[in-house]
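An overview of the molecular structure
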Amino acid sequence: MGAIIFLLILALLKDYGHGAPQEGITVCVSLGLMTTGGTQQCLDIDECVGIPDICGKWGTCRNQGCSYLCTCPNGFRNSGNGQTPCADIDECNTDGVCGNVGICQNLISSYWCQCPAGFTNFGKNQAKCVELICDQYETQPGQTLPGFDRLLSLLRNNCLGLSNSMLPGPTRLLPTGDVLLTLLVNTTDVVQLGLQSNGHRSSSEVTKLLRTIEISIRLIAPLLTENVTRIETNHTEVEIMVRRDKTPPKGPISLTNENTQLDTTWETVVGDDQNYPGFAYVVLLSYRNLDSLKDHTSHQSQQLMSSAATVSVSNSNTTYLPQQVNLTFHHLQGSGQLSLVMWVGVVVALTCVFLSLITTLWCRFVSRKRRGGRRLQQDVQLHRK
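Residues numbered from 1 in each chain as written. Predicted model: local features only at pLDDT ≥ 70, side-chain atom pairs only at ≥ 80, totals over all residues. Heavy atoms only, no water.

**Considerations on the state of the cysteines**
Rules: By convention in this document, the label disulfide applies to cysteine sulfur atom pairs within 2.5 Å. Every helix listed is a DSSP run of H or I at least four residues long, and every strand listed is a run of E at least two residues long, numbered separately from the N terminus. For every residue, the accessible area obtained with a 1.4 Å probe (protein chains only) is divided by the maximum for its type, and the residue is called buried under 20%, exposed over 50%, and partly exposed between those limits.
The final tally for this structure, using the stated rule, is seven disulfides. With a sulfur-sulfur separation of 1.9 Å, Cys-48 is cross-linked through a disulfide to Cys-61. Looking down the S-S bond of the Cys-48 and Cys-61 bridge, the torsion is -70°, so its handedness is left-handed. Here Cys-61 lies in strand β4 (residues 60-63) and Cys-48 lies in helix α2 (residues 47-50), a separation of 13 residues in the sequence. The disulfide partner of Cys-72 is Cys-86, and the gap between their sulfur atoms is 2.0 Å. When the S-S torsion is -85°, as for the bridge of Cys-72 with Cys-86, the disulfide is left-handed. Placement of Cys-72 in the loop between β5 (68-71) and β6 (76-77) and of Cys-86 in the loop between β6 and β7 (87-88) is noted, with a sequence separation of 14 residues between them. On the basis of relative accessible area, Cys-72 is assigned to the partly exposed category, the value being 26%.

Structure (C-alpha cells):
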C-alpha cells in the first residue's frame with residue numbers, strides 16, 4: 001500500500017516539475033495526503049481514481065480521506081482491513097451445504113446443488129437435496145379413493161421430474177405448487193360430497209382420504225412460491241406457511257380457520273437444525289363434511305362435535321418434538337344434541353339439589369319433634385313423684 005502511494009506521488013511530482021521536485025511541495029505519505037503550493041495545504045489522494053481495480057473486478061472502492069475501503073457484493077469477501085480485492089466465496093468448502101448426497105458446484109458469487117436420481121431440492125438450487133419416494137403416488141385398486149386418480153398421477157409425474165428420473169416422451173413443463181394445491185382442494189371437495197351422498201362415511205374411507213392428503217401435501221408445500229397460501233371453499237379450508245431462509249427460522253406460528261386453530265413454533269416445524277433442507281412449512285387443512293363416521297363392523301355411527309383436520313409439518317421426525325403443538329377445536333354450530341344433553345344434565349342436577357334440601361328439612365323436623373316429646377314425658381314423671 002505504501003509503495004503504491006509513493007509511486008503515485010512521484011508521478012505527480014514529475015509531471016509538475018518535469019522530473020525535478022519543486023520548492024514548497026511537501027508529501028504526507030503516511031496519511032495518504034500531500035501538500036502543495038505556498039499554503040502547505042494537504043490534499044487527499046483518491047486511491048479509487050488512481051487505481052481503478054484496487055478492489056478487484058467485483059468490489060466497489062470508496063474513498064475515505066487519507067484511506068479507502070473496498071465493499072464486496074453478496075457471494076464475495078475480502079480479508080484484512082477492507083483494503084484488499086474482493087474474491088469469490090467458495091460455498092462448496094462448507095460441509096453439508098448440499099446435504100449428504102448433493103454435489104456442490106461453485107459459481108461466481110453463488111453455488112448450485114446438483115441432486116442425484118431419487119433426490120431433489122424442489123427447484124431451489126441452493127437448498128439441500130432430500131429424498132423423494134414416488135411410488136407412494138401410484139394408484140392402487142381398492143386403496144385409492146375414486147376421484148384421486150388424476151391428482152395422484154400428476155403428483156407422481158412431478159415427483160419423477162423433480163427427482164431427475166427419465167420420463168417417457170419429450171420433456172414437459174411440470175405443474176406449479178399453486179396449481180397442484182388448487183387441484184387437491186377441488187378433488188377433496190368432490191370426495192367429501194361423494195362420501196356424503198352415500199349416506200355414511202366409513203372410518204376406512206376417511207383414513208384413505210387423510211393419508212392421501214398427507215402424502216400430497218408433503219410434495220406440494222415445498223413447491224409453493226408465496227410465504228402464506230390460503231384456499232377456502234364450501235367444503236375445505238387450507239392454510240400453508242412456508243419459509244425459505246438460509247438459516248432455520250425461529251419464533252411462534254399461528255394458523256386459524258373457521259373451527260380450528262393451530263399454535264406451534266418454527267423450531268418444532270424444523271426439528272434438527274442439522275437436517276434443515278433450506279425450507280420449512282406447516283399446514284392446517286380442515287374438512288367441513290366429515291362430521292360423522294360409520295363403523296362397518298359394529299354398524300354404529302359416531303357424530304363428531306368438531307371439524308376433522310390434517311396438520312402437516314416439514315419435520316419428518318415427529319416421534320420427538322422439541323416443543324408442543326396446540327390444536328384448539330371449536331364445536332360445530334347447530335350441535336343441538338350437545339345442547340340437549342347439557343340442558344337435561346342441568347335439570348337433573350337442580351332436581352337432585354331440591355330433593356336433597358327437602359330431605360334435610362324433613363329430617364330436622366322429625367328430630368326436633370322426637371326431642372320435644374321426650375322432654376314432655378320427663379316433666380310429667382317428675383310431677384307425679
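**Looking at the pattern of salt bridges**
Worth spelling out the cut-off: The salt bridge criterion pairs a side-chain nitrogen of Lys or Arg with a carboxyl oxygen of Asp or Glu, the two atoms within 4 Å.
Tallying each qualifying case throughout the model produces eight salt bridges. Of the charged contacts in the structure, one is a salt bridge between Glu-232 and Arg-288, with a shortest N-O distance of 2.8 Å. One end of the pair, Glu-232, is in strand β12 (residues 228-232); the other, Arg-288, is in the loop between β16 (280-287) and β17 (292-295), and 56 residues separate them in sequence. Take Glu-232: its relative accessible area is 51%, and that puts it in the exposed class. Its relative accessible area of 27% is what places Arg-288 among the partly exposed residues. One salt bridge connects Arg-288 with Glu-237, and the closest N-O pair in it is separated by 3.0 Å. Here the residue Arg-288 occupies a position in the loop between β16 and β17, and Glu-237 occupies one in strand β13 (residues 236-243), the gap between them amounting to 51 residues. Overall, the relative accessible area of 5% leaves Glu-237 in the buried class. Through salt bridges that share partners, Arg-230, Glu-232, Glu-237, Glu-239, Glu-258 and Arg-288 make up one connected network.

**Digging into the nonpolar core**
In plain terms, the rule: Buried Ala, Val, Leu, Ile, Met, Phe, Trp, Tyr and Cys residues that are joined via side-chain atoms within 4.5 Å together make up what is termed a nonpolar core. By definition in these notes, contact holds between two residues if any of their heavy atoms fall within 4.5 Å.
Ranked by size, the top nonpolar core spans 40 residues in total, and within it Phe-148 and Ile-240 carry the most contacts. Sorting the residues of this core by element identifies α3 (149-162), α4 (177-197), α5 (203-220), β13 and β16 as the ones contributing at least two each. Not counting residues up to four positions away in its chain, the partners in contact with Phe-148 are Leu-184, Thr-187, Thr-188, Val-191, Leu-209, Thr-212 and Ile-213. Judged by nonpolar contacts, the second largest core, of twelve residues, contains Ile-253, Leu-255, Leu-262 and Val-282.

**Some remarks on the packing of aromatic side chains**
Let me state the cut-off plainly: When two rings of Phe, Tyr or Trp (its six-membered ring) have centres within 6.5 Å they constitute a pair, described as stacked for plane angles under 30 degrees, edge-to-face for angles over 60, and tilted for the intermediate range. The criterion for a charge sitting over a ring is simple: Lys NZ or Arg CZ within 6 Å of the ring centre, and within 35 degrees of the ring normal.
Within this structure, the stated rule accounts for two aromatic pairs. When the ring of Phe-122 is compared with that of Phe-279, the centres are 5.4 Å apart and the planes differ by 85°; the resulting orientation is edge-to-face. Taken together, the residues Phe-122 in the loop between β10 (119-120) and β11 (130-131) and Phe-279 in the loop between α6 (266-270) and β16 connect sequence positions 157 residues apart. Looking at Phe-122, the relative accessible area reads 6%, which means it is buried. A relative accessible area of 10% means that Phe-279 is categorised as buried. Directly above the ring of Trp-266 sits Arg-243, whose terminal nitrogen or CZ lies 5.5 Å from the centroid.

**Considerations on the layout of surface pockets**
Applied cut-off: A cavity, in this analysis, means grid points on a 1 Å lattice covering only the protein atoms where a 1.4 Å probe fits yet has no way out; a pocket is instead an open set bounded by protein on both sides within 12 Å along at least five of seven lines, and a residue lines either one if it has an atom within 4 Å of a point. Grid points are joined across faces, edges and corners, and a volume is the space filled by probe spheres set on the points. In the scheme used here, Gly and all other residues not listed as nonpolar or charged are polar, with Ala, Val, Leu, Ile, Met, Phe, Trp, Tyr, Cys and Pro taken as nonpolar and Asp, Glu, Lys and Arg as charged.
The volume enclosed by the largest pocket comes to roughly 990 Å³. Considering the residues around the largest pocket, the lining is formed by 37 residues, among which Val-130, Glu-131, Asn-275, Ser-314 and Ser-316 are closest to the centre. Only β11, α5, α6 and β16 provide two or more residues apiece to the lining of the largest pocket. In terms of residue count, the dominant contributor to the lining of the largest pocket is α5 (three residues). Taken together, the residues that form the lining of the largest pocket break down as 21 nonpolar, eleven polar and five charged. There is about 590 Å³ of room inside the second largest pocket. What lines the second largest pocket is a set of 25 residues, and nearest its centre among them are Val-97, Tyr-111, Gln-126, Lys-246 and Thr-247. Here the lining of the second largest pocket is composed, by residue class, of seven nonpolar, ten polar and eight charged.

**Describing the pairing of strand β15 (residues 260-265)**
To keep it simple, the criterion reads: DSSP-based pairing: two strands are paired if at least 2 bridges between them are found.
One ladder, built from five bridges, connects strand β14 (residues 252-256) with β15; its direction is antiparallel. Each residue of the ladder has a partner; that of Ser-254, found in β15, is Asp-263. Count of turn residues in the β14/β15 antiparallel hairpin: three residues. Of the pairings in the sheet, the one linking β15 to strand β20 (residues 326-329) comprises four bridges and is antiparallel in character. What sits directly across from Gln-261, in β20, is Thr-328.

**Some thoughts on the sheet that holds β13**
Selection rule: Here an angle of 0 to 180 degrees is reported between the N-to-C directions of two axes, which are lines fitted to C-alpha atoms, with helices fitted over the stretch in contact.
Taken in spatial order, the four strands make up an open sheet running β12-β13-β16-β19, and their pairing is antiparallel. The sheet terminates laterally at β12 and β19 (308-313), the two strands that pair on one side only. Between one strand axis and the next, the sheet turns through 5° on average, direction left out of account. In terms of strand pairing, β12 meets β13 through five bridges, oriented antiparallel. Across the sheet, residue Glu-232 finds its bridge partner in β13, namely Glu-237. On the sheet, α5 packs against β13, β16 and β19 and is oriented at approximately 150° with respect to β16.

**Observations concerning the sheet that holds β14**
Within a sheet, each strand pairs with its neighbour through backbone hydrogen bonds, oriented either parallel or antiparallel. Strands sit in the order β14-β15-β20 across an open sheet of three strands; the sheet is antiparallel. Only two strands of the sheet have a single partner each, and these edge strands are β14 and β20. Averaged over all pairs of adjacent strands, the angle between their axes in this sheet comes to 10°, without regard to strand direction.

Purely geometric stuff here, so don't read any function into it on its own.
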